[in-house]
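# Survey of secondary and tertiary structure
Read off the chains here:
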Amino acid sequence: MKKNDIFELEITDMGTDGEGIGHYDGMTFFVKDALIGDVITARATKLKKNYGYARVEEIKTPSTFRVEPQCELHKRCGGCQIQALSYEKQLEFKNNKVRNNLMRIGGFSEAKLDSKMQPPVGTDNPYRYRNKAQFPVGYDRDGNIVTGFYASRSHNIIPVEDCRLGVPQNKEILDIIKEWMNECGITPYDENTHKGLVRHVLIRYGFTSKQIMVCLVINGDSLEAKRRAGNAADILCERLSKIDGMTSISYNINKENTNVILGKKTVCIWGRPYIEDTIHLLSYPDFTPQGTGITYQISPQSFYQVNPKQTEKLYSTALAFAGLTGNENVWDLYCGIGTISLFLSQKAKQVYGVEIVPQAIEDAKNNAKLNGITNAQFFVGKAEDVLPQFYENAKKKENITDDTASTGHTDMLRPDVIVVDPPRKGCDEKCLDTMLAMSPERIVYVSCDSATLARDLKILCEEKYELMKWQAFDQFSHTTHVESICLLERVSN
Ligand code: SAH
């Protein structure tokens, strides 16, 4: 086999990034945009000893799992990897991804995983589900200002006019911004030269409140018109504010040479510095609505789950797994704007939230007030710093040594439940160690990366916890990302 050889390949599996996998001539081939069940004519693009990469030349027999994608750019844009795969198969793929990671990295047996699995939670709306989009701004080859998404594994902007995962208002907003930039002589940022002003446009939409937030991330200190008389910021606000639901317009300053989208400082130039949205409590496991829900204020810099319909199911499951009766002390680590904390506080005695972004903690405190919640307290800092410090202080106060700490029954030393919802890199070991030392009865682990989830569960379950339930959630339809929740119970002291 040589590079550029053409051969027939049956796709029999899918890789973690959604790529098709097939075997030919003793070699394993990875093929982008080929689906499990396809028979294709493949062209070898890269060869290694036992494996290689190939491209689809022609689909000879399409897979029975193939469906018509809604977006014509799905192969070029790096946002969606599996839009051509039927929804049922996407869900199965995601469930298997979590299961495989728990098995391979976490070391759990197949029998254990099968007996503890809860059915994966899919959605009725796999399109138009995202409440947030961050569009990079740049030039196309002809020098026109474009907004869109990065192509996979690159920083080339694919102009995406109307992403089908986002709300239709995104297009209207981007059109206004592009026209305004042209008129006012405002330039897009260029990563190579580190020149130009507008880097990204962040748009958020509250699905319940119908409120819209627009935040321009800029490589500068203000929005100044070069070409047109008048204040560029005023012109922009005047136009954007005509859109139904516009609530907050701001810019965020990011002058660093970095891939991180947002800088530290945000300046509100119209309306309020946040939007609101409501998340309703659902019953578990059938997800029927219960009660009126909790309303959250969300600032540009704060994390907020991107799929609000699925978030209601996710948080309701976290609450159900926490098994609260009203008497419990609960920690919510990596709490963001206090979303899960406030959900838990409805059924707990006291909740403590920890989050690294100060603005998010401000939001969390306001959110508690907004909803009349008085049994939630929030700390700014890294979970791996705040939790150990809190634990050490509590031990000192109660005059308890390490040997007796785990049998100490004070509320402070031994919370009933710890919920964690870390970013993709998972929990820091210092945080896991303190969780083990505090040894709550239950740990609820919410994860957006099942590989780091599995790594962390291995540490927790090696010592004194047992996996009782795991469940996959589709928060990110058409992508290979998957959310999951695990319930661990303490089996020894
Ligand atoms: N539970 C929240 C947020 C989850 S996202 C929700 O569902 O909305 C993960 C959060 O962890 C983000 O808000 C991020 O800012 C925060 N974070 C990242 N590293 C952290 C750390 N070391 N300690 C505490 N919080 C951290």
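Bear in mind the structure is a predicted one, so any value in this text is a computation, not a measurement.

### A closer look at the sheet that holds strand 19 (residues 417-420)
Two modes of strand pairing occur in sheets, parallel and antiparallel, and in both the strands are linked by backbone hydrogen bonds. Read across the sheet, eight strands follow the order 6-21-22-20-19-16-17-18 without closing on themselves; strand pairing throughout is mixed. Two strands lie at the open edges of the sheet, namely strand 6 (117-121) and strand 18 (376-380), each paired on one side alone. Strand-to-strand twist of the sheet, defined as the mean angle between neighbouring strand axes without regard to direction, takes the value 15 degrees. Both strand 16 (residues 329-333) and strand 19 contribute to a ladder of four bridges, which runs parallel.

### Some details on the site of the ligand
Contacts to the ligand come from 17 residues, most closely from Tyr315, Thr339, Glu355, Ala383 and Asp421. Here an oxygen atom of the ligand sits 2.7 Å away from a polar atom, N or O, in the side chain of Glu355. Take Glu384: an N or O atom from its side chain is 3.1 Å from a nitrogen atom of the ligand. Compared with its free state, where it exposes 570 Å², the ligand has 92% of that area covered by protein.

### Remarks on the sheet that holds strand 1 (residues 6-14)
As summarised here, the arrangement of the five strands in space is 1-2-3-5-4, forming a closed barrel in which the pairing is mixed. Here the strands of the sheet are splayed against their neighbours by 50 degrees on average, with no regard to which way each runs.

### Some remarks on the domain arrangement of the chain
Taken domain by domain, the chain consists of domain 1 (6-61), domain 2 (132-273) and domain 3 (278-490). Relative to domain 3, the C-alpha centre of domain 2 lies at a distance of 33 Å. Counting residues at the interface gives 16 residues for domain 2, matched by 13 residues for domain 3. Ranking the residues of domain 2 by area buried against domain 3 places Leu165, Arg204 and Thr208 at the top, with a combined share of 43%.

### Side note on unusual backbone geometry
With an omega of 10 degrees, the peptide bond running from Tyr284 to Pro285 counts as cis. On the secondary structure map, Pro285 appears in the loop between strand 14 (275-282) and strand 15 (289-298). Positive phi is not limited to glycine here, since Ser439 has a value of about 35 degrees. Tracing the chain through its elements places Ser439 in the loop between helix 10 (429-438) and strand 20 (442-447).

### Some details on the packing of aromatic side chains
Evaluated as defined, the whole model comprises 16 aromatic pairs. One aromatic cluster is present, formed by Trp331, Tyr352, Phe379 and Phe390 through successive ring pairs. The ring of Phe65 has Lys89 sitting right over it, with the charged end atom 4.1 Å from the ring centre.

### Describing helix 10
All buried positions along helix 10 are accounted for by Cys431, Leu432, Thr434, Met435, Leu436 and Met438. For helix 10, the elements touching its buried residues are strand 16, helix 8 (383-398), strand 19, strand 20, helix 11 (450-463) and strand 21 (465-473). The opening residue of helix 10 is Asp428, an N-cap whose side-chain oxygen sits 2.9 Å from the backbone nitrogen of Lys430. Phi turns positive one or two residues past the end of helix 10, at Ser439, with a value near 35 degrees.

### Some points on the pairing of strand 4 (residues 39-47)
Within a regular strand, the side chains alternate between the two sheet faces. Bridge analysis of strand 1 against strand 4 gives five bridges, and the strand direction is antiparallel. In the strand pairing of strand 4, Ile6 is matched with Arg43.

### Points about the environment of Tyr391
Within the secondary structure layout, Tyr391 lies in helix 8. Between the alpha carbons of Tyr391 and Ala437 there is a distance of 8.8 Å; along the sequence they are 46 residues apart.

### What to know about the UniProt feature "binding site: S-adenosyl-L-methionine" (unreviewed entry) in the chain
As recorded in UniProt, the sites labelled "binding site: S-adenosyl-L-methionine" (unreviewed entry) are Gln305, Tyr334, Glu355 and Asp421. Positionally, Tyr334 belongs in the loop between strand 16 and helix 6 (339-345). Note on Tyr334: relative accessible area 17%, which makes it buried. In this structure, Tyr334 is in contact with Val354, Glu355, Ala383, Glu384, Val420, Asp421, Pro422, Pro423, Gly426, Cys427, Asp428 and Cys431, ignoring residues within four places of it in sequence.

About the cut-offs
Residues numbered from 1 in each chain as written. Predicted model: local features only at pLDDT ≥ 70, side-chain atom pairs only at ≥ 80, totals over all residues. Heavy atoms only, no water. Pairing = 2+ DSSP bridges. Helix = DSSP H or I, 4+ residues; strand = E, 2+ residues; numbered from the N terminus. Axes fitted to C-alpha atoms, helices over the stretch in contact; angles between N-to-C directions. Near = heavy atom within 4 Å. Polar contact = N/O pair within 3.5 Å; in protein donor to acceptor, adjacent residues only side chain to side chain. Areas by Shrake-Rupley, 256 points an atom, 1.4 Å probe, with all protein chains shown as cover. Domains from an automatic or database assignment. Contact = heavy atoms within 4.5 Å. Buried area = accessible area lost by both parts, 1.4 Å probe. Phe/Tyr/Trp six-rings, centres within 6.5 Å; stacked < 30°, edge-to-face > 60°. Lys NZ or Arg CZ within 6 Å of the ring centre and 35° of its normal. Buried < 20%, exposed > 50% of the residue type's maximum accessible area, 1.4 Å probe, protein only. UniProt positions renumbered as here; feature names shortened; annotations may be inferred.

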